[in-house]
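Residue-level structure breakdown
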Amino acid sequence: MVEHVELRVQKNLLNPHFDGYKLSLDSLPVYSKELECGLDVVKLTDDQYSYHHAKLFGSHNHLISDPWSPDTIYFIDTEWDVRRVQLSGQSKLEIGDRIFQIPDRANQHLVPGRYNSSLCFAGRHTAVLADGAGNFSVLDTDNRVEHAYVWKAVFSSSDVVSGSKLFEVVSAVQHRTDENHRIECLLVHIEERDEEHKEKYSSPFLTVITWITLLSVDKKVWTVERTRRLEGVKPFDYAVVEKDGSAVLILSEQKFTLVTDSVNPVQSAGEWEVIAKVFPDDIPRYTWSQDSEDINIQFTVPAGVVKADIFLNLQADHIEFGVKNGLTLLKGQVHDRVDVEASTWTIQGQRVELTLSKEVSGNWPEVVLGDTHGEMVLDTEQVAQIHERLAHLTSDQWNPDPESRGEKPYNCQELEDCDDSNDDCRLMRIDGETHTATHAINLGGHQWLFCKQTDSEKPPALCLRHDVDGLLWQPEQPSSSRETLLHHTGTFNAFGYVQASKQQKKFSSCAPNLSYAVICECVRHIYIYRQNSPVLSPLRNRKTGQQVSAIAKQQVVALESTDNILGLHVTNRQIFVATGKTVYAIATEETSG
């Protein structure tokens, strides 16, 4: 059962009297370094035309941050060399030697439609890498925080994603269970639907997340222990694995569904998968009524289902009832014991009725413990209305005979852009064992702004727009179903407002200590918004006469290059920016400490 939780704003972190940013003309030191080989950048092909592709490629950040060493960044150049960048104590931008080379560049670069190569750090001594051409590697980085060791691959495979799909890695965590070490990775690719599903759904493409689990005893030899697949009809803004590998967090306009699991098979939902995607949650999937002796449950099944297709496995305290090789209608522990011999079922057309005989007289609050898909009703007319609404959902067509009532079949392609709303955008926590969402937060109008890793031991925090502000939310692993999923940890005053005014924005981020936020445009301009800081001498507002003791500053940095900006990483003391040929470091010493 999914727990719908709300965002709980900490009022002490809000500033209702914030009066805006004051433009500062103080110059900031900017250091630059030309790259011997430019960044490895992949462009979309003619076949990669969907919104899914544009989102994945357009949001790719070519500067890779290390949560355990936030002042160090990495990039992959056109020779497929992994290199690191640091701003030295002498204020010199240093680009290190090659620490790893992705294998077989000459051939893999020619793979049609390949993705950008991607790197993600799973632990202090471990990283995972996808070359974008279908190959995946686990890298031993040794103690990279203290020294720039040469990395070595301890696991490589070209079939971690079924069908040798091209993919990127978006999240990775390493954790330990007893004597075993595991790495959990999220690999994303865009998949075109087959012709049958293109007609049934509005989007011809899917965003697919492959969740793989690698196992090792000595951290030297790794094997793929488990593979899970999640599908979404819309791209995601945020996808991470929890630190203990038990669940994933996904923020998207439409929910993602876990559809396969190599270790614990997912219970097929059959036709109900379609219902869950397109039918309102407030419509029950079955109705039931009761008296002192019996429970009567009514279902609507797909057309063509006959008596031989129905199965019933009934025990005194457990039931599994449904259509063979397809739809499970009811499964789980019943509320109270039933008399198996006295229980029965009937089918007439698309209506199936199941009768459970109670061993002990009394009222049941629910049929199956934790099952919220049914509705107890007393009015037979209400039952008929509900099942009439369900009947078309168990047909192969939305409206099999539209002209019989003079109606045109629904066509989602007739929708205008203004009809597409983001009000359904939500953050879901999907459990890896039960395959279901345990928590859901409907973000409504709280636009996603950016995410930032502020703590190496926690998932990246999310910045969401609340009114005009940008509020930072830290995901926390819930210990119970009713515990909140996100904790409000910081506020960037008016940041939602200023970001909305930047039509050319490419990346946004903030310092780990939340001292300032950054908006980076597609070309040249970087905007810095600092938190309120005390002034050295008292000031007075000319209009109101009120004394001002603190000022929030805005600063603008214009790079010399007019090349497209391809990467951004923000630390407490520097802002790293990358174009295709140059890496820049902007020193922000005011924010130190």
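Up top is the structure.
On a predicted model such as this, the values are computed, not experimentally measured, just so you know.

1. Some details on the packing of aromatic side chains
Within this structure, the stated rule accounts for 16 aromatic pairs. Seen from their ring centres, Phe236 and Phe256 are 6.2 Å apart, and the 65° between their planes marks the pair as edge-to-face. Placement of Phe236 in strand β17 (residues 236–241) and of Phe256 in the loop between β18 (247–252) and β19 (257–261) is noted, with a sequence separation of 20 residues between them. Of the two residues examined, Phe236 and Phe256, each falls in the buried class. Lys502 extends its terminal NZ or CZ atom over the ring of Tyr527, reaching a point 4.7 Å from the ring centre.

2. Some points on unusual backbone geometry
Positive phi, close to 65°, is recorded for Trp80, a residue that is not glycine. By the element assignment, Trp80 lies in the loop between β5 (73–76) and β6 (81–87). Judged by its relative accessible area of 0%, Trp80 falls in the buried class. Even without a glycine there, the phi angle at Ala494 is positive, about 60°. You can call Ala494 buried: its relative accessible area is 13%.

3. Examining the sheet that holds strand β33 (residues 486–492)
Strand order in the open sheet made by the four strands is β30-β31-β32-β33, with antiparallel pairing throughout. Looking at the sheet topology across the chains shown, the edges are occupied by β30 (448–452) and β33. Each adjacent strand pair in this sheet contributes to an overall mean axis angle of 30°, direction not counted. Of the strand pairs in this sheet, strand β31 (residues 461–466) and strand β32 (residues 469–475) are connected by five bridges, and their pairing is antiparallel. Paired with Cys463 across the bridge in β32 is Leu472.

4. With respect to the side chain of Thr210
Tracing the backbone shows Thr210 in strand β15 (residues 205–216). For Thr210, a relative accessible area of 5% gives the class buried. Dropping the residues within four chain positions of it, Thr210 is found in contact with Val160, Val161, Cys185, Leu186, Leu187, His189, Thr227 and Arg228.

Conventions and cut-offs
- Residues numbered from 1 in each chain as written.
- Predicted model: local features only at pLDDT ≥ 70, side-chain atom pairs only at ≥ 80, totals over all residues.
- Heavy atoms only, no water.
- Phe/Tyr/Trp six-rings, centres within 6.5 Å; stacked < 30°, edge-to-face > 60°.
- Helix = DSSP H or I, 4+ residues; strand = E, 2+ residues; numbered from the N terminus.
- Buried < 20%, exposed > 50% of the residue type's maximum accessible area, 1.4 Å probe, protein only.
- Lys NZ or Arg CZ within 6 Å of the ring centre and 35° of its normal.
- Pairing = 2+ DSSP bridges.
- Axes fitted to C-alpha atoms, helices over the stretch in contact; angles between N-to-C directions.
- Contact = heavy atoms within 4.5 Å.

Interpretation in functional terms is not warranted from these geometric data alone.
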